[in-house]
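# Close look at the chain arrangement
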Number of protein chains: 2
Amino acid sequence: MEPNLEVSGISYCVMSQTIDTYVDRNKTRFLSELKDFIRIPSISTLPENAGDVRRAAGFTAAQLRAAGLENVEIVETAKHPLVYADWLHAEGKPTVLCYGHYDVQPPDPLDLWVTPPFEPTERDGNLYARGAVDDKGQMMMHIKALETLRALSGSTLPVNIKVLIEGEEEVGGASIAKYVPEQKAKLKADVALVSDTALYAEGIPTLCIGLRGLVYTEVECTGPAKDLHSGLYGGSAPNPIFALIEVLSKTKDASGCIQIPGMYEDWQAPAAAELNSWKSLPFSEPEFLEKEVGSAALTGEPAYSVLERVWARPTLEVHGIAGGFTGSGAKTVIPSRATAKVSFRLVPDQDPDKIVAGFRSFLKAHTPAGCKIELRVLSGSPAVVVNPDHPAIRVAARVFEETLGRPTVFIRSGGSIPIVGDFARHLGIPTVLMGFGLPDDALHSPNEKFKIENYFTGIRTIARFLEQYGE
Amino acid sequence: MEPNLEVSGISYCVMSQTIDTYVDRNKTRFLSELKDFIRIPSISTLPENAGDVRRAAGFTAAQLRAAGLENVEIVETAKHPLVYADWLHAEGKPTVLCYGHYDVQPPDPLDLWVTPPFEPTERDGNLYARGAVDDKGQMMMHIKALETLRALSGSTLPVNIKVLIEGEEEVGGASIAKYVPEQKAKLKADVALVSDTALYAEGIPTLCIGLRGLVYTEVECTGPAKDLHSGLYGGSAPNPIFALIEVLSKTKDASGCIQIPGMYEDWQAPAAAELNSWKSLPFSEPEFLEKEVGSAALTGEPAYSVLERVWARPTLEVHGIAGGFTGSGAKTVIPSRATAKVSFRLVPDQDPDKIVAGFRSFLKAHTPAGCKIELRVLSGSPAVVVNPDHPAIRVAARVFEETLGRPTVFIRSGGSIPIVGDFARHLGIPTVLMGFGLPDDALHSPNEKFKIENYFTGIRTIARFLEQYGE
């Protein structure tokens, strides 16, 4: 930790330059501390990594202490711990609840990584590693912004700060979803700040004011009591793989329109103004196809634009499927079971429970003869939208414009950050979704990256936001 | 090896009792040698077991030598070796080509085995192990029958014998399919004898006179260039798992009728007499469902009986499917690829090449937008039927009736033994399909078994068959 610059006493509004100076002087350390964080393989979905997840929680707590936060606490849960900290001495100033997550997605398929997923590597100004941008890098921006502000002011912050960081974001966030409603008083704040989204494009200041919800399920289909020889039984015994294929294939028509009754019943179209603003965004469908998706063609409901399909329409995806013999060569077996992971992305005003109920009855109605289908729900959260006229959003938009020198755009994300819905529902506060990732960061994929300069831009912008929101 | 009983010189026809005596006296050794054979995990489809497959070939050769066969030869091939042996001193007598395979199916799923798959275990009069009945146990019956006949006659056999045993039966049998047409003179015989089928039911002498053919393929579907985050791309990016599901689901209608054009074009219905004989077989559909299949209901084309569906109708099965994230928990990924193993069972007079061509164009026609589908053919062989009036079949039927004390029934098998077609096509000879397995032997499944008494009955019956066929 470098010695603080002695600047306490001067007014915050002239501090922007000094913020830049402090961040510049500490770049090396800010980056190396992020690398140390990333080296911890905190994969929340794999039981064998539970110890690493706990180490990542400890690392987070230590970072918060070093930044001068108080009441740093590792909160035990049924699964992975939460990390809480605060600084509440800015009398009369608003309170900001900073959220992030220290857990990451599994790195597989491993063979597609250019460099090891948990050995952060710099290439062409990017930091390549699992968790680089989702969300370790963006979470560290908050902590480093807080350190910067306290360093510049001697020992104070321009607003009251509460920090709540989870380790189950990639597996549905059950623990924090239970914790927030239980701790309303402790978590009371005026606004939440989340950096788990991306800039619309390089250099474009972007505030996300809408997120899709997510229902994640497992579907298991069982048929014969044991694996059978397909020669001796083929033609008379039910095949659970084929049964699963049959029923799942009926969930969507060829254009991607979901066939589950009631799926679009509560769907709300975005306001005309919002739809128009999307039309003005620099979006190139050929470029999106070639540079990001890389398939022969895009798919989805033809009646909607790509941005509408991804931001404002519900979707059904099969994330994984497994059954029977999948080794090399041939095995003529009719297996006794097959499974699939199926999720729904939700938009306003869809209700997760209603979607699950609809899916369950759809499966029941379409289960082929001779097989049984079981549905297990792993998680469910609704979509959220934030009012762009909220004071915090307005300050964020102005600050963003200052640091990047371009007008801020308001977008949605097709992704899901369930906690944002919980903050709205239980704490009654909106969330500023101020992220510094890029569309090609390969979240959840091999070779995930974070543009190193955006890490520092994020620290600067967030410090400014907290500074000006406190005025 | 016990000392030979001195019975040479007496006519074969009074030897039946002595055959029984010799087999009885040697039961312990016959069984322990089979167990030694089974302990070799000769899984032909798994590269890591290639060494075990070779050991099994060596074991087979040693057994043939010990039984008194001559010119024992391990024939190198592109993959797993063949084992050849002969005894050609029965002047003026017919020549019988004995076939079997020493390779086995993979044992997975391992957790469902009561005792380890490659540690043969006796329970309730059965021998439990992978390969116990398919085909190590049945192949050993031939060798032990030959040993018995030579032992009883001093040193001769009632017919000329050629033995050809392969190690690739469970993976399509490419090497023997190449070897047979190349070695027509060497393999010249009057009839082939194969024991790789089952009794229709316990105690019912059964000759199989029809086998389904098999086309085994791998279908690979690719979409995005890399795995994608389903939140950020769901609704616009093609999902290869869903594309694979869509196209495979179209291959059959709800009743199991295959929708691939031309699939039933060359199909030949069994003769009325054969269909009638099937009706007279002791078949209980409820028992078949409960004791063998164990599912909620049977499936398949409603217009055909279960036996017709399994013996005389083509089928399409998906044996395995894999794609995306299938670990525990949740991963919100749109994977870049998914694969499935798909096979067709063929009946007279379907042509494997024509079926493959039809499947290929069907996949091409139904590949969803944005994805690519590749078809790889692992093997292909047509169905075969044998004329029940052939002298060898008549002798086999009579002998079978003698040993089991009931009239022999003629059935078909839904399984595939490609070599039987090759023998007919290239050597111009029919095959006696004389098997001693049982319908509930769980071939290709966990807890495969062979009824120990049937092993000895098989040795006795085959010895008698060779004896009487030589008269």
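Residues numbered from 1 in each chain as written. Chains lettered and ligands numbered in written order. Predicted model: local features only at pLDDT ≥ 70, side-chain atom pairs only at ≥ 80, totals over all residues. Heavy atoms only, no water.

## Remarks on the overall build of chain A
Our working definition: Strands are runs of DSSP state E lasting at least 2 residues, helices are runs of H or I lasting at least 4, and numbering of each runs from the N terminus. Each radius of gyration is computed over the set of C-alpha atoms, and the globule rule expresses the reference value as 2.2 Å times the number of residues to the power 0.38. Accessibility here uses a 1.4 Å probe with only protein chains present; expressed as a share of the type maximum, an area under 20% marks a residue as buried, one over 50% as exposed, and anything in between as partly exposed. The contact rule is simple, with two residues in contact once any of their heavy atoms fall within 4.5 Å. To be clear on the numbers: accessible area is Shrake-Rupley with a 1.4 Å probe, and residue cover counts the displayed protein chains and nothing else.
Scanning chain A from N- to C-terminus turns up 14 helices and 18 strands. In terms of overall dimensions, chain A is globule-like: its C-alpha atoms have a radius of gyration of 24 Å, near the 23 Å expected for 471 residues. For the C-alpha atoms alone, the extent of chain A along its principal axes is close to 85 × 50 × 45 Å. Looking at the 471 residues of chain A, the share that counts as buried comes to 62%. The long-range share in chain A, meaning contacts at least 24 apart out of those at least 6 apart in sequence, stands at 79%. Of the roughly 16400 Å² of accessible surface on chain A, a fraction of 53% belongs to carbon and sulfur atoms.

## A short note on the domain arrangement of chain A
Residue and element names in this part refer to chain A. Note the cut-off: The split of the chain into domains comes from an automatic or database domain assignment. Buried area, as used here, totals the accessible surface that two parts lose on assembly, with accessibility defined by a 1.4 Å probe and the loss added over both.
Domain parsing of chain A yields domain 1 (5-211 + 383-469), domain 2 (213-265 + 315-381) and domain 3 (268-313). For domain 1 and domain 3, the distance between their C-alpha centres works out to 27 Å. If you look at the interface, domain 1 gives ten residues, while domain 3 gives twelve residues. With both sides pooled, the region where domain 1 packs onto domain 3 buries about 880 Å², and carbon together with sulfur makes up 57% of that total.

## Comments concerning unusual backbone geometry
Among all residues except glycine, the phi angle is most often negative; among peptide bonds, the trans geometry is most common. Backbone torsion omega between Asp-108 of chain A and Pro-109 of chain A reads 5°, so that peptide bond is classified as cis. Structurally, Pro-109 of chain A can be placed in the loop between strand S3 (95-101) and strand S4 (121-123). Cis geometry is found at the peptide bond from Asp-134 of chain B to Asp-135 of chain B, where omega equals 0°. Positionally, Asp-135 of chain B belongs in helix H3 (residues 132-153). Not every positive phi belongs to a glycine, and His-444 of chain A is a case in point at roughly 65°.

## Details of the relation of the copies chain B and chain A
Counted only if it meets this: Least squares is the method for superposing the copies, and the C-alpha atoms it fits come from residues with pLDDT of at least 70 in both.
Mapping chain B onto chain A is achieved by rotating through 180° and translating by 0.1 Å along the same axis, at an RMSD of 0.1 Å. Given the turn and translation reported, the copies of this chain are related as if by a two-fold rotation axis.

## Overview of the side chain of Lys-252 of chain B
Selection criterion: Only four residue types enter the charge count: Lys and Arg as positive, Asp and Glu as negative, with His and the chain ends excluded. Salt bridges are identified by distance alone: a Lys or Arg side-chain nitrogen within 4 Å of an Asp or Glu carboxyl oxygen.
Inspection of the secondary structure assignment puts Lys-252 of chain B in the loop between helix H7 (240-249) and helix H8 (272-279). Within the buried set, Lys-252 of chain B has no salt-bridge partner at all; the shortest N-O distance to an opposite charge, 4.5 Å, is to Glu-317 of chain B. Setting aside residues no more than four positions away along its own chain, Lys-252 of chain B makes contact with Phe-242 of chain A together with Cys-257, Ile-258, Gln-259 and Leu-316 of chain B.

## Points about H7 of chain B
Residue and element names in this part refer to chain B. We count it as follows: Distance and chemistry together define a polar contact, namely a pair of N or O atoms within 3.5 Å, with one atom able to donate a hydrogen and the other to accept it when in protein, and with adjacent residues in sequence counting only for side-chain atoms on both sides.
Among the ten residues of H7, ten are classified as buried, and the element is accordingly described as predominantly covered. Among the residues of H7, those classed as buried are Pro-240, Ile-241, Phe-242, Ala-243, Leu-244, Ile-245, Glu-246, Val-247, Leu-248 and Ser-249. The residue sitting at the N-terminus of H7 and contributing the capping side-chain oxygen is Asn-239; that oxygen lies 2.9 Å from the backbone nitrogen of Ile-241.

## Some words on the packing of aromatic side chains
Quick note on the threshold: Within 6.5 Å between ring centres, the rings of Phe, Tyr and Trp (the latter by its six-membered ring) count as paired, and their orientation is classed by plane angle as stacked under 30 degrees, edge-to-face over 60, tilted in between. Remark: a charge is flagged as sitting over a ring if the NZ atom of Lys or the CZ atom of Arg is within 6 Å of the ring centre and within 35 degrees of the ring normal.
A full pass over the atoms with the stated rule returns 26 aromatic pairs over all chains. Note on Tyr-99 of chain A and Phe-423 of chain A: the rings are 6.2 Å apart at their centroids and 80° apart in plane angle, and the pair reads as edge-to-face. Note that Tyr-99 of chain A is positioned in strand S3 and Phe-423 of chain A in helix H13 (residues 418-427), a separation of 324 residues in sequence. An aromatic cluster of at least three residues, connected via ring pairs, comprises Tyr-200, Trp-278 and Trp-311 of chain A. Note that Arg-123 of chain A overlies the ring of Tyr-128 of chain A, its terminal NZ or CZ placed 4.0 Å from the centroid. When the ring centre of Trp-267 of chain B is taken as origin, the NZ or CZ atom of Arg-313 of chain B, which lies over that ring, is 4.6 Å away.

## Some points on the interface of chain B and chain A
Size of an interface, as often reported, equals the accessible area lost when the parts are brought together. The criterion, for reference: Nonpolar residues are Ala, Val, Leu, Ile, Met, Phe, Trp, Tyr, Cys and Pro. Charged residues are Asp, Glu, Lys and Arg, and all others, Gly as well, are polar. Strands are treated as partners if at least two bridges between them are detected by DSSP.
In this complex, chain B contributes 87 residues to the contact, which on the side of chain A involves 87 residues. Looking only at chain B, the three residues that lose the most surface to chain A are Phe-242, Ile-321 and Lys-331 of chain B, adding up to 9% of its buried area. For the pair chain B and chain A, the interface holds zero salt bridges. Taken together, the connections running from chain B to chain A amount to 50 residue pairs in polar contact (both at pLDDT 80 or more). At ten residues, strand S11 (residues 315-324) of chain B tops the list of elements feeding residues into the side of chain B that touches chain A. For the side of chain B that touches chain A, a count of residues per class yields 39 nonpolar, 32 polar and 16 charged. Note that strand S11 (residues 315-324) of chain A and S11 of chain B share five bridges and pair antiparallel. Following the sheet pairing, Gly-324 of chain A is matched in S11 of chain B by Gly-320 of chain B.

## What to know about the nonpolar core
Selection rule: The term nonpolar core refers to a set of buried residues drawn from Ala, Val, Leu, Ile, Met, Phe, Trp, Tyr and Cys, joined through side-chain atoms within 4.5 Å.
With 71 residues, the main nonpolar core has Leu-69, Ile-161, Val-432, Met-434, Tyr-455 and Phe-465 of chain B as its most contacted residues. Here this core takes eleven residues from H3 of chain B, the largest share from any one element. Residue contacts for Val-432 of chain B: discarding those within four places in its chain leaves Val-191, Ala-192, Leu-193, Val-194, Leu-207, Ala-392, Ile-393, Ala-396 and Phe-465 of chain B. Formed by 70 residues, the second largest nonpolar core is a distinct cluster that contains Met-140, Leu-149, Val-191 and Ala-397 of chain A.

## Looking at the pairing of strand S9 (residues 213-222) of chain B
All names here are of chain B. Counting buried residues in S9 gives nine out of ten residues, a clear majority hidden from the surface. As paired elements, S9 and strand S13 (residues 337-346) share ten bridges and run antiparallel to each other. Across the sheet, residue Glu-220 finds its bridge partner in S13, namely Thr-339. Where S9 meets strand S14 (residues 372-381), nine bridges bridge the pair, whose relative direction is antiparallel. Looking at S14, one finds that Val-219 is bridged to Leu-375.

## Here we look at the packing of helix H2 (residues 50-66) of chain B against H3 of chain B
All names here are of chain B. Applied cut-off: Axis lines are fitted to C-alpha atoms, over the contacting stretch for helices. Their N-to-C directions set the angle, which ranges from 0 to 180 degrees. In this scheme, roughly parallel covers angles under 35 degrees and roughly antiparallel covers those over 145, while 65 to 115 is roughly perpendicular and the rest are oblique. A crossing counts as left-handed when the near helix is turned anticlockwise from the far one by less than a right angle, and as right-handed when that turn is clockwise.
Two elements in contact, H2 and H3, have axes whose closest approach is 9 Å; the angle formed by their N-to-C orientations is 25°. Taken together, H2 and H3 sit at an angle that is classed as roughly parallel. Our pair here, H2 against H3, has a crossing hand that is right-handed. Residues Phe-59, Thr-60, Gln-63 and Leu-64 of H2 form the contact with H3, whose participating residues are Met-139, Met-140, Ile-143 and Lys-144. The class makeup of the residues in the contact of H2 with H3 is five nonpolar, two polar and one charged.

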